[in-house]
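# A closer look at the structure
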Amino acid sequence: MRRRCEICHKLIPAARLEVLPETKRCVDCARRKGSDVVVKRVSTGMDIETYKDLLGATRS
Ligand SMILES: [Zn+2]
């Protein structure tokens, strides 16, 4: 699955789409403008800050 960021139109990394399939923004734009996705508590029990770190770490 390929999707482009709605702001900068760069391809969103596949790894990010795996964890956030509904996102329309790349990591940089999500950080700059705020994520378009409401981060819910994930089923693994990670807290939200850990989850955000993980999302940031998926950039390549
Ligand atoms: Zn972007």
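Residues numbered from 1 in each chain as written. Predicted model: local features only at pLDDT ≥ 70, side-chain atom pairs only at ≥ 80, totals over all residues.

### Describing the environment of Ile 7
Position of Ile 7 among the secondary structure elements: in the segment before helix H1 (14–19). Each C-alpha atom of the pair Ile 7 and Cys 26 lies 8.3 Å from the other, and the pair is 19 residues apart in sequence. Residue contacts for Ile 7: discarding those within four places in its chain leaves Arg 25, Cys 29 and Lys 33. (Helix = DSSP H or I, 4+ residues; strand = E, 2+ residues; numbered from the N terminus. Contact = placed C-beta atoms within 7 Å.)

### Regarding the nonpolar core
Core analysis: the biggest nonpolar cluster contains seven residues, these being Ile 12, Leu 20, Cys 26, Val 27, Cys 29, Ala 30 and Leu 55. Sorting elements by how many residues they give to this core places helix H2 (residues 27–33) first, with three residues. (Core = buried A, V, L, I, M, F, W, Y, C linked by C-beta atoms within 7 Å. Buried ≥ 20, exposed ≤ 12 C-beta atoms within 10 Å, placed from the backbone.)

### Digging into the confidence of the model for the chain
Per-residue confidence for the chain gives a mean pLDDT of 79, with 70% of residues at or over 70. Within the chain, the element-level pLDDT minimum falls on helix H3 (residues 48–57), averaging 71, and the maximum on H1, averaging 90. (pLDDT = per-residue confidence, 0-100.)

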